[in-house]
Amino acid sequence: MTHSNPLQRNLAQGLYELLSSMRFAISLLTVLAIASIIGTVLKQSEPYTNYIMQFGQFWFQTFEILGLYDVYHSSWFLTILAFLILSTSLCIYRNTPLMLREMRSFREHATESSLRAFSHQAEFSTTLPAEPLKQRLGKYLQGQGFRAKIGAPNEAGDVLIAAKAGSYHRIGYILTHTAIVVICLGGLIDGNIPLKAQQLLGWKKIETRDIPQNEVPAVSRLSPSNLSFRGGVTIPEGAGADVIFIHVADGYLVQDLPFDIMLKKFRVEHYPTGQPKSFESDITLIDKATKESVTRTISVNHPLIYKGIAIYQASFGDGGTRLNMKGWNLFSPKHESFDTKGAISQSTQLSNGDATYTIEFTEFRKFNIENFAGEDGGSSALDNFNKFFQTGSTKRVQKDLRNVGPSFQYKIRDAQGQAREYFNYMLPIQLEDRWYLLSGMRTAPNEPFRYIRLPLDKQSNIEGFMRLRAVLLDKQSHPEIARRFAEFALQGEQIDPKLLAKLADSTTKVLDVFASGGYESMAKFIEQSVPAAEQDKAAQTYLKILESAAVSAWHVAQTRAGQPATVDDETRHFVRESLNTVSDLFVYGAPVYLQLAEFDEVMASGLQLTRSPGKNIVYGGCVLLVLGVFFMFYIRERRIWLLVQSRAGTVLLAMSTNRKTMDFEQEFSLHKAQLANLIKG
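None of these values were measured; they are calculated from a predicted model.

Participant: Can you help me understand the overall build of the protein in this one?
Facilitator: Along its length, the protein carries 16 helices and 26 strands. A compact globule built from 681 residues would reach a C-alpha radius of gyration of about 26 Å, whereas the protein, at 42 Å, exceeds it by more than 25%. Sorting the 681 residues of the protein into buried and exposed places 42% on the buried side. A total accessible area of about 36,200 Å² is found for the protein, and carbon and sulfur atoms account for 55% of it. Treating the 72 positive side-chain charges of the protein as one cloud and the 67 negative ones as another, the clouds have centres 11 Å apart.

Structure follows, in structure tokens:
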């Protein structure tokens, strides 16, 4: 029967309590690991509108309740961190003395019965005297890297030599537990608990209004002494900022900085395809307190750290590019264009005579990379336009990326505040061997753009289409167009004035119906005025009349403008494309089309600023964790007991380890063989 001394019982009890508490702690660590994965995969602290568009209303609300949009600052995440600090600290406080005591202990009071109970034990006979034998055994153990202690003889004269090696592996347990405390403490510090408390007490409130930052009240501003923060700001070239914006829930907080940031110059390099290759900013910091100035160039992964605040190059965008445009009133009987100007992030008002509307310029892109390759590697329409007709099984094997040039984005807002968003390319794009100007429209930000094609004439201009559009929508011109069409249709025959007048009247009616709503108006007219059995035939007839009359309309438009009016196959295709586009204009919904003529690009640098005092603490905890793991897994404790029994003329060998491995089995066999030879003398 094995007996244990009080030290062993205390150690066993301490280890049991440690393991018992760690079961729950490991569960919490697992939750933290899962939360960290979510916080890495799901972009954090975005405006709520972004999440609503991405997940929909139901999942947005579900994830909001779980606090997944700001995981690392959520109450439950910080609570788990605090509990782990408390629980692990208690474990360290309670068990460290026992482990240190065990590290110093040689367990030199082990009894013969307990040694014989070991799974790794052997007994040798010897004729050597006790003293020389003890010295020989002590030297052997020291030579094998063990620290040995020779106990005092017992009543029977037996002497126990206790030796140990690798007992410092227990430092690994202390270091890993300390690492958990240190890492969690760093997380708590960066969790900015003081700010959480201020929000809970109502001392700080989230601002949800879209107002200039200098009008944000003090209750929604954070002082430069704020413990921890992470936010961003976009600065145009030649401008500066002394605040950043921190997205919180459905609003934001304004973080005042202890310095001013001036953006001197922003540079971006592109690949031949037009995709950004690298970008950097020349910035100057001016300390508000000391007036000290620091000028540096920052780029991606090369931040500037000033007084504990890291300034990262995060993104870039438009800083107010100035636009010169030509505009056409799409539903006006006039084809002349007008000149207008605008700037990104600004707005201007226009009027078409009947109503006044606001143009809000939202984005400018100097490069637009589109894929022109089909599945077979051949040319196809742009993915940006045709992707809405693809299925989930569509596979793209090859890519043909091309830069299609600049574009700009804007909203047209009516007097009632309703807006549609438009996306116009500056340069023509070739689709199906023909050239078009493309303009996209959508009614909501979460919708894709739907594009209309504005065909170019033989001179590669849009003016030919605009002239034809104006004539087709001008009902006062319809009788002249109808007369020309009727005369052309009946040429070479003896013209009956009544038949000519009837054909002209029918053509005028078709043109009037088309001018009131495009093909959709014609379809409604046929449904209301033609018996159901004859509607298909009537539709074919009306379409033929419309297409032929449109050629006459093109002839009228060209003649009025003093342009050549030769009709050929290319002209007929252009007229057919123009009819489709004019019909689409009624769905397009814009009173005006804007074509970008010139631009003066102004870039803006997107900077992210962080103050993270807990970062270095977390790094220190990680170092402790690595050291702890090294001690635990790469240092094995081995203990050897040699009981010298002089009267019996025997030596009892017992050996143990904290981890039984094949290496230990081989080591025990080696010691057993060497000691057998040593004891024989």
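Participant: Explain helix α9 (residues 463-473) here, please?
Facilitator: The α-helix advances 3.6 residues per turn, and as a result positions three or four apart in sequence lie on the same side. Across the 11 residues that make up α9, a large majority, 10, are buried. Within α9 the residues assigned to the buried category are Gly 464, Phe 465, Met 466, Arg 467, Leu 468, Arg 469, Ala 470, Val 471, Leu 472 and Leu 473.

Participant: Just checking my understanding: could you explain the packing of helix α11 (residues 497-515) against helix α12 (residues 518-529) for this structure?
Facilitator: Helix-helix packing is characterised by the crossing angle of the two axes and by the distance between the axes. Packing of α11 against α12 leaves a shortest axis separation of 7 Å and a crossing angle of 120 degrees. Taken together, the axis directions place α11 and α12 in an arrangement best described as oblique. Residues Lys 509, Val 510, Val 513 and Phe 514 of α11 touch α12, and the partners they reach there are Gly 518, Tyr 519, Ser 521, Met 522 and Phe 525. Each residue belonging to the contact of α11 with α12 can be placed in one class, and the counts come to 6 nonpolar, 2 polar and 1 charged.

Participant: It is not clear to me how the domain arrangement of the protein should be interpreted in this structure. Could you clarify?
Facilitator: When the parts of a complex come together, some accessible area is lost, and that lost area is often used as the size of the interface. When its domains are assigned, the protein resolves into domain 1 (7-101), domain 2 (122-166 + 639-680), domain 3 (193-227 + 229-319 + 603-611) and domain 4 (326-370 + 429-600). On the domain 4 side, the residues contacting the 5 residues of domain 3 number 4 residues. Regarding the contact of domain 3 and domain 4, the summed buried area is about 410 Å², with carbon and sulfur atoms giving 67% of it. When residues of domain 3 are sorted by the area they lose upon contact with domain 4, His 270, Gly 274 and Asp 318 head the list and together hold 73% of the total. Along the contact surface separating domain 3 from domain 4 lie 0 salt bridges. Counting every contact that joins domain 3 to domain 4 gives 0 residue pairs in polar contact (both at pLDDT 80 or more). Split into classes, the residues belonging to the side of domain 3 that touches domain 4 amount to no nonpolar, 4 polar and 1 charged.

Participant: Help me understand the sheet that holds strand β25 (residues 638-645), please; the structure alone is not making it clear to me.
Facilitator: Paired through their backbone hydrogen bonds, the strands of a sheet run either parallel or antiparallel. In spatial order, the strands read β1-β26-β25-β3-β2; together these 5 strands make up an open sheet with antiparallel pairing. Of all the strands in the sheet, just β1 (121-125) and β2 (147-150) have a single pairing partner and so form its edges. Direction aside, neighbouring strands of the sheet carry axes that sit 15 degrees apart on average. Where β1 lies against strand β26 (residues 650-657), 5 bridges are found, and the strand directions are antiparallel. Across the sheet, the residue bridging to Gln 121 is Ala 654, located in β26.

Participant: In this structure, what is going on with the nonpolar core? I would like to understand it.
Facilitator: Here is a general trend for soluble globular proteins: nonpolar side chains tend to be buried in one another's company. Formed by 59 residues in total, the largest nonpolar core has its most connected members in Ile 359, Phe 361, Phe 408, Tyr 410, Ile 462, Tyr 588 and Tyr 593. Broken down by element, the residue count for this core peaks at 9 residues, all from helix α13 (residues 535-560). Ala 241, Ile 261, Tyr 306 and Leu 607 belong to the second largest nonpolar core, which has 27 residues in total.

Participant: Hey, could you run me through the pairing of strand β8 (residues 276-287) in this one?
Facilitator: Two faces belong to every sheet, and in a regular strand the side chains alternate between them. One ladder, built from 11 bridges, connects strand β7 (residues 251-270) with β8; its direction is antiparallel. Across the sheet, Phe 266 pairs through a bridge with Ser 281, a residue of β8. The loop that links β7 with its antiparallel partner β8 comprises 5 residues; one of these, Gly 274, has a positive phi angle of about 100 degrees. The antiparallel hairpin formed by β8 and strand β9 (residues 293-299) contains 5 residues in its connecting segment, where Lys 291 sits at a positive phi of about 65 degrees.

Participant: Hey, could you run me through the confidence of the model for the protein in this one?
Facilitator: Regions with low pLDDT should not have their predicted coordinates read in detail. When pLDDT is averaged across the protein, the result is 87; 91% of the residues are at 70 or more. Scored below 50 in pLDDT, residues 375-397 makes 37 contacts in the model with residues more than four places away or belonging to other chains.

Participant: Just to check I follow, could you spell out the packing of helix α6 (residues 170-190) against helix α15 (residues 614-634) for this structure?
Facilitator: Look at α6 against α15: their axes get within 7 Å of each other, and the N-to-C directions meet at 165 degrees. Overall, the two elements α6 and α15 adopt an arrangement that is roughly antiparallel. In terms of crossing hand, the pair formed by α6 and α15 is left-handed. When its residues are assigned to classes, the contact of α6 with α15 shows 16 nonpolar, 9 polar and 2 charged.

Participant: Please explain the side chain of Ser 605 as it appears in this structure.
Facilitator: You can see Ser 605 is positioned in strand β24 (residues 603-611). One polar contact links Ser 605 to Gln 313, side chain to side chain, over a distance of 3.0 Å. Sequence-distant contacts of Ser 605, that is, excluding residues within four places in its chain, are made with Val 233, Thr 234, Ile 235, Leu 263, Phe 266, Ser 281, Gln 313 and Ser 315.

Participant: Looking at this structure, how should I read a nonpolar patch on the surface?
Facilitator: The grouping of Leu 625, Val 629, Phe 630, Phe 633 and Tyr 634 at the surface amounts to a nonpolar patch, some 520 Å² of accessible area in total. Locating Leu 625 in the fold gives a position in helix α15. The exposure class of Leu 625 is partly exposed, given its relative accessible area of 33%.

Participant: What am I meant to see in the environment of Leu 543 here?
Facilitator: Its location among the elements puts Leu 543 in helix α13. Among the residues examined, Leu 543 registers a relative accessible area of 32% and is labelled partly exposed. For the pair Leu 543 and Val 510, spaced 33 residues apart in the sequence, the C-alpha separation amounts to 8.8 Å.

Criteria and thresholds
Residues numbered from 1 in each chain as written. Predicted model: local features only at pLDDT ≥ 70, side-chain atom pairs only at ≥ 80, totals over all residues. Heavy atoms only, no water. Helix = DSSP H or I, 4+ residues; strand = E, 2+ residues; numbered from the N terminus. Rg over C-alpha atoms; globule rule 2.2 N^0.38 Å. Buried < 20%, exposed > 50% of the residue type's maximum accessible area, 1.4 Å probe, protein only. Areas by Shrake-Rupley, 256 points an atom, 1.4 Å probe, with all protein chains shown as cover. Lys, Arg positive; Asp, Glu negative; His and termini not counted. Charge placed at Lys NZ, Arg CZ, Asp CG, Glu CD. Axes fitted to C-alpha atoms, helices over the stretch in contact; angles between N-to-C directions. Parallel < 35°, antiparallel > 145°, perpendicular 65-115°, else oblique. Contact = heavy atoms within 4.5 Å. Nonpolar A, V, L, I, M, F, W, Y, C, P; charged D, E, K, R; others polar. Domains from an automatic or database assignment. Buried area = accessible area lost by both parts, 1.4 Å probe. Salt bridge = Lys/Arg side-chain N within 4 Å of Asp/Glu carboxyl O. Polar contact = N/O pair within 3.5 Å; in protein donor to acceptor, adjacent residues only side chain to side chain. Pairing = 2+ DSSP bridges. Core = buried A, V, L, I, M, F, W, Y, C linked by side-chain atoms within 4.5 Å. pLDDT = per-residue confidence, 0-100. Left-handed = near helix turned anticlockwise from the far one by under 90°. Patch = residues over 30% accessible without salt bridge, like charges linked within 9 Å, V, L, I, M, F, W, Y side chains within 5 Å.

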